[in-house]
Amino acid sequence: MCGRFSLATDQTILQEHFEFLIHEELEFRYNIAPSQDILVVGSNGVDRVGTKMRWGLVPPWAKDTKIGYKMINARAESLDEKVSFKRPFQSQRCLILCDGFYEWKKEGNMKQPYRFMMKNNKPFAFAGLWERWDKGDKPLFTCTIITTKSNELLEEVHDRMPVILPEDKYDEWIDRNQTNYNDLKSLLVPYQANLMDCYPVSSLVNSPKNESKECIVNVNSL
DNA sequence: CCAGACGTTGTT
DNA sequence: GTCTGG
DNA sequence: CCAGACGTTGTT
DNA sequence: GTCTGG
């Protein structure tokens, strides 16, 4: 699954890679946790546009936002069946930008965190969905990360992994005119394991309070 | 029709 | 709001 | 995901 | 154990 990640890449590099417009300042994040604002890229019909949204999807009918804590991931296999995800899947798809994500592996009594990233160290995109909630003082935009079964690399740690989209699928995924949902679902597959890598990191990352660069350091190389 | 749920993961 | 279950 | 809280009343 | 908060 995916419950923690990083985005500590220069904004200029992100904009070169993802080619999106944005009207906000981005900051380096080493330990992003659910309920926090994350960088989402969608389409306005012409351009790709980046905005920040709260991680943890809150459906429009929810009385309060607590439900968002449980909606940080959405299973790819059942997107079009689940009431809360069906509409977002049909019309509110987005990219969620990232440059590494954390998974915890049980090793005896210990839980060892690992960071997964691309071998080429480039930023990448999770397949995501967003939603708008209007029962508060002002509109609240929230989002979720889609998961699928793990590839050979992730399998060592978990049986689920976030869906990572290849560059050449970005536009199809966020295209509001794409209504071939079978085609869209065919994008939601495990990412090629041989393009990815991982390494153990400090248990500093366990606490969302720790937001230092140490979170992304390979403890084997210390 | 109305009532009640609406979610994922991991662990037992 | 919308879907499933009864 | 992990960490940390988990409660009410009445009095100061 | 289960929920909320980050």
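Residues numbered from 1 in each chain as written. Chains lettered and ligands numbered in written order. Predicted model: local features only at pLDDT ≥ 70, side-chain atom pairs only at ≥ 80, totals over all residues. Heavy atoms only, no water.

Peer 1: Pulling in residues and values, what's your account of the protein's contact with DNA strand E?
Peer 2: In the region of DNA strand E, the neighbouring residues are Arg-4, Ala-33, Pro-34, Ser-35, Gln-36, Lys-66, Tyr-69 and Pro-208. In this structure, Pro-34 approaches DNA strand E through a main-chain N or O atom, which is 3.1 Å from a base nitrogen. Here the residues of the surface near DNA strand E sort into four nonpolar, two polar and two charged. (Near = heavy atom within 4 Å. Polar contact = N/O pair within 3.5 Å; in protein donor to acceptor, adjacent residues only side chain to side chain. Nonpolar A, V, L, I, M, F, W, Y, C, P; charged D, E, K, R; others polar.)

Peer 1: Go over the pairing of strand 7 (residues 93-98) with me, naming the residues and quoting the values.
Peer 2: Two faces, one strand: in a regular strand the side chains alternate between the faces of the sheet. Within strand 7, six of the six residues are buried, leaving the element largely enclosed by the surrounding structure. In the sheet, strand 4 (residues 37-43) pairs with strand 7 via two bridges, with the strands oriented antiparallel. Residue Val-41 lies in a different strand from strand 7, and its bridge partner there is Leu-95. Pairing geometry for strand 7 and strand 10 (residues 124-133), over six bridges, is antiparallel. Within strand 10, the position partnered with Ile-96 by the bridge is Phe-126. (Buried < 20%, exposed > 50% of the residue type's maximum accessible area, 1.4 Å probe, protein only. Helix = DSSP H or I, 4+ residues; strand = E, 2+ residues; numbered from the N terminus. Pairing = 2+ DSSP bridges.)

Peer 1: If you had to explain the pattern of salt bridges to someone new, which residues and values would you point to?
Peer 2: Note that side chains of opposite charge can pair when their charged atoms are close. In the structure shown here, the tally under the stated rule is six salt bridges. Here Arg-132 ties to Asp-134 by a salt bridge, and the two come within 2.9 Å at their closest N and O atoms. What makes Arg-132 partly exposed here is its relative accessible area of 37%. Overall, Asp-134 belongs to the partly exposed group, its relative accessible area being 46%. (Salt bridge = Lys/Arg side-chain N within 4 Å of Asp/Glu carboxyl O.)

Peer 1: Quick rundown of the packing of aromatic side chains? Include the residues and the values.
Peer 2: Under the defined criterion, the tally for this structure stands at ten aromatic pairs. For the pair Phe-124 and Phe-126, a centre-to-centre distance of 5.9 Å together with 80° between the ring planes defines the contact as edge-to-face. As far as burial versus exposure is concerned, Phe-124 and Phe-126 are alike and both buried. The positively charged end of Arg-93 is found above the aromatic ring belonging to Trp-173, 5.7 Å away from the centroid. (Phe/Tyr/Trp six-rings, centres within 6.5 Å; stacked < 30°, edge-to-face > 60°. Lys NZ or Arg CZ within 6 Å of the ring centre and 35° of its normal.)

Peer 1: Can you tell me about the confidence of the model for chain A, naming the residues and giving the values?
Peer 2: When pLDDT is averaged across chain A, the result is 96; 100% of the residues are at 70 or more. Complex prediction metrics read pTM 0.96 and ipTM 0.91. (pLDDT = per-residue confidence, 0-100.)

Peer 1: Residue-level account of the sheet that holds strand 3 (residues 29-32), with values.
Peer 2: Across the sheet, which stays open at both edges, the five strands sit in the order 3-1-8-9-14 with antiparallel pairing between neighbours. Each edge of the sheet is formed by a strand with only one pairing partner; in this case those strands are strand 3 and strand 14 (196-200). Each strand axis lies, on average, 30° off the axis of its neighbour in the sheet, ignoring direction. Where strand 9 (residues 110-118) meets strand 14, five bridges bridge the pair, whose relative direction is antiparallel. Looking across to strand 14, one finds that Tyr-114 is bridged to Pro-200. (Axes fitted to C-alpha atoms, helices over the stretch in contact; angles between N-to-C directions.)

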